[in-house]
Amino acid sequence: MAYLELKNVSFQYPNGYTAVENVSMEFEKGEKVAIIGQNGAGKTTTVKLMNGLLRPAKGEVLVGGTSTEKYTTAQIAKNVGYVFQNPDDQIFQDSIYKEIAFGLLKSGMGKAEIDKKVKETATLCGLENVLEEHPYNLSYSKRKFITIAAIVVMDPDVVILDEPTAGQDRDSTERLGKIMNWLTAKNKIVITITHDMEFVVKEFERVIVMAKKQKRRDASPKEIFWDEELLKFSNLKQPYICQFASLLGYRDVLTIDDMIGVTE
Amino acid sequence: MAEIILKNVNYQYPLEEKEVVCDFTYCFEQGKVYGLIGENESGKTTLCNIIRGFIPELYRGKLEGEILINGRKISSYDSGELASIVGYSFQNPFVQISGVKDNVYEEIAYGMENIGVPREQMIKRVDELVKMFHLEELVDKNPYELSGGQKQRVALASMIALDPEVVIMDEPTSQLDPKSTEDIFEIVNILKKQGKTIILIEHKIDLVAEYCDSILLMHQGELVMHGDAKDVLTDPKVLEYGGQLPQIVLYFLKQGKLKGNEIPLTVKEAVEKILKEAQR
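What counts, and where the lines are drawn
- Residues numbered from 1 in each chain as written.
- Chains lettered and ligands numbered in written order.
- Predicted model: local features only at pLDDT ≥ 70, side-chain atom pairs only at ≥ 80, totals over all residues.
- Helix = DSSP H or I, 4+ residues; strand = E, 2+ residues; numbered from the N terminus.
- Rg over C-alpha atoms; globule rule 2.2 N^0.38 Å.
- Buried ≥ 20, exposed ≤ 12 C-beta atoms within 10 Å, placed from the backbone.
- Pairing = 2+ DSSP bridges.
- Axes fitted to C-alpha atoms, helices over the stretch in contact; angles between N-to-C directions.
- Contact = placed C-beta atoms within 7 Å.
- Expected span 1.5 Å × (residues − 1).
- Arc of directions from axis to C-beta.
- Core = buried A, V, L, I, M, F, W, Y, C linked by C-beta atoms within 7 Å.
- Parallel < 35°, antiparallel > 145°, perpendicular 65-115°, else oblique.
- Left-handed = near helix turned anticlockwise from the far one by under 90°.
- Nonpolar A, V, L, I, M, F, W, Y, C, P; charged D, E, K, R; others polar.
- Right-handed = clockwise from strand over helix to strand, strands pointing away.

### What about the overall build of chain B?
Looking only at helices and strands, chain B has 12 helices and 10 strands in total. Against the globule reference of 19 Å for 280 residues, chain B gives a C-alpha radius of gyration of 20 Å, in line with a compact fold. Principal-axis analysis of the C-alpha atoms gives chain B an extent of 60 × 45 × 30 Å. When each of the 280 residues of chain B is scored for burial, the buried share is 50%.

This is the structure we're talking about:
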């Protein structure tokens, strides 16, 4: 049974703008799913509905088979962690250690255990050598990892990453892949919004496309990136290798290795 | 005319022991598009802050070497004068929004208002920018209600509004979807045609390859590689320095049939090359 489920969910902002219309999706434990789509397609709104930061106008959100309607956002956030798109919306402590430890301190965990968990998570996120620094002394990219660590350390069942690849270099992008795999190995659900199509090809087996406030397709990267009609409708582009293959008359190619395979 | 010369530039932030920019020497010529690449924290943003005078003016610290803008020492400019020559868009668009304007139209006009551009001229300019940046549907919205990608486009338009000779864009597409990213690169092309000098910090290497004339690769504060895009971005050494290469280049490097700058940089070049060879 799906652990996290959106059932015919719609959302309207207070100014009357409908951001999400009749969206349904399900996620099983241990799954890693990418959500892609144009800016303004409703991706961030959809994931904020998952952890109760926003509440649906219609439809319902279920976590572990229970509707979250009667739960507070704080209660839902214990199970569904959301890493903000803009790290500066989330950071508020004066050291990285404190930032990562904050949620654990609130949970009443003992100092020694907190220390162990903070250090383990910091190492996973590449922050082990900067724990005493002020978060704003670090680059945007590193600040993003601080916010990821602050969520991951709380051990939620679902980790939602909102554009973690924005502004990341090659090594940081690889690190993101590692963090996601570390989470799924622990049977967590990882949901990632990204515009980096190469990252999607490399890291995901399931991709959800959103466009014009709705879910348009939920399939494998190969199915998505060779569904030209869908890409056109959603204003998305194929990854470069797919574009290359397509112009030379090949199909269903995704990676450099696939392309070498078909051209040889 | 805008030319920027840096000679043996070194910089150290206050209270830090390590140099963030080491012995940087380079001449940026007018009208070219420069792709400034390299890993996070390799000194790219710091270098741009030196070029726009925020270092040492605002950040303090120890700056050595010579920096000339249009033949004049950078220290001889006052910050207002320099700001009208060198435009800069922040890496994080969320911090560039002024916070004092409640719609996008006025946000774009804000810089012009501050320097006293006449009203009629201001309206004409904002209308142009709205069209250029595809902001028609957003003009009446509050800048804070925009998505990350929309904010980024508004922030860029606000900077271009002041018509600087040198345009520095620090990761201008980090929050953008692929389509809007290409729109920004098209704007880079338009600015290039207007004769502007453009310095672009960008991780999306496939687009850097398509739009930039020259590449500068930084690694731990040093300029480790520089040259024409077709020379630098076909060289696997870039990877050793933590840089990235375009997907198409990676394909040809792995396939192993082409070498050096014979390797096409973009999908378009690659397809043309293959079709041409097939005809032979």
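Text resumes after the structure shown.
### Let's talk about the sheet that holds strand E3 (residues 32-36) of chain A
Strand pairing in a sheet takes place through backbone hydrogen bonds and is either antiparallel or parallel in direction. Residue and element names in this part refer to chain A. With mixed pairing, the six strands of this open sheet are ordered in space as E6-E7-E8-E3-E9-E10. The two strands at the open ends of the sheet, each matched to only one other strand, are strand E6 (80-83) and strand E10 (214-219). If you compare each strand with its neighbour and ignore which way they point, the axes differ by 20° on average. In this sheet, strand E8 (residues 189-193) lies alongside E3 in parallel orientation, the contact comprising four bridges. Pairing of Ala-34 across the sheet is with Thr-192, part of E8. Sheet strands in contact with helix H6 (residues 170-185) are E3, strand E7 (158-162) and E8, and its direction is about 150° off that of E8.

### Topic: the environment of Val-167 of chain B
On the secondary structure map, Val-167 of chain B appears in strand E7 (residues 166-170). Ignoring sequence-local partners within four residues, the contact set of Val-167 of chain B consists of Gly-87, Leu-191, Lys-196 and Ile-198 of chain B.

### Focus on helix H4 (residues 111-124) of chain A
Residues and elements named next belong to chain A. Compared with an ideal rise of 1.5 Å per residue, which puts 14 residues at 20 Å, H4 spans 20 Å between its outermost C-alpha atoms and is within 8% of the ideal. Of all the residues in H4, the buried ones are Val-118, Thr-121 and Ala-122. The buried residues of H4 occupy an angular sector of 100° when the element is viewed end-on, so they sit on one face. Within H4, the exposed residues directed more than 90 degrees away from the buried face are Ala-112, Glu-113, Lys-116 and Thr-123. On its buried face, H4 sits against helix H3 (96-107) and helix H5 (140-152). Phi turns positive, to about 70°, at Gly-126, one or two residues after H4.

### Concerning the nonpolar core
One broad trend across soluble globular proteins is that nonpolar side chains are buried collectively. Of all hydrophobic cores here, the largest spans 157 residues; its most connected members are Ala-149, Ile-160 and Ile-241 of chain A together with Leu-200 of chain B. With seven residues, H5 of chain A is the largest single contributor of residues to this core.

### Concerning the pairing of strand E9 (residues 214-219) of chain B
Residue and element names in this part refer to chain B. By the bridge criterion, five bridges tie strand E3 (residues 33-38) to E9 in an arrangement that is parallel. The residue bridging Tyr-34 from the neighbouring strand is Ser-214, located in E9. The turn linking E9 back onto strand E10 (residues 222-228) is made up of two residues, and Gln-220 within it adopts a positive phi angle of 50°.

### Topic: the packing of H3 of chain A against H4 of chain A
All names here are of chain A. Running from amino to carboxyl end, H3 crosses H4 at an angle of 130°, the nearest separation of the two axes being 10 Å. One way to sum up the angle between H3 and H4 is to call them oblique. Like other packed secondary-structure pairs, H3 and H4 cross with a definite hand, here right-handed. Residues Tyr-97, Ile-100, Ala-101, Leu-104 and Leu-105 of H3 lie in contact with H4, whose contacting residues are Ile-114, Lys-117, Val-118, Thr-121 and Ala-122.

### Comments concerning the sheet that holds strand E4 (residues 58-63) of chain A
Residues and elements named next belong to chain A. Strands sit in the order E2-E1-E4-E5 across an open sheet of four strands; the sheet is antiparallel. In the strand order of this sheet, the two ends are held by strand E2 (18-27) and strand E5 (66-67), each with one partner. With two bridges joining them, E4 and E5 adopt antiparallel strand pairing. Bridge pairing links Leu-62 to Ser-67 in E5. Strand contacts of helix H1 (residues 43-50): strand E1 (4-12), E2 and E4, with the helix running at about 125° to E1, the strand carrying the most contacts.

### A few points about the interface of chain A and chain B
Of the residues lining the interface, 32 residues belong to chain A; the matching set on chain B comes to 32 residues. Contributing elements (two or more residues each) for the side of chain A that touches chain B: H5, H6, helix H7 (197-203), helix H10 (240-247) and helix H11 (256-263) of chain A. Ranked by residues supplied to the side of chain A that touches chain B, first place goes to H10 of chain A with five residues. Considering only residue class, the side of chain A that touches chain B consists of 12 nonpolar, 13 polar and seven charged.

### Considerations on the pairing of E7 of chain B
All names here are of chain B. Most of E7 is tucked away: five of the five residues are buried. Across the two faces of E7 the burial is the same, with Val-166, Ile-168 and Asp-170 and Val-167 and Met-169 all buried. Pairing between strand E6 (residues 86-89) and E7: four bridges, direction parallel. In the sheet register, Val-86 faces E7, and the bridge partner there is Val-166. As judged from the five bridges shared by E7 and strand E8 (residues 197-201), these two strands associate in the parallel manner. Paired with Val-167 across the strands is Ile-198, a residue of E8. Handedness of the E7-helix H7 (residues 178-193)-E8 crossover: right-handed.

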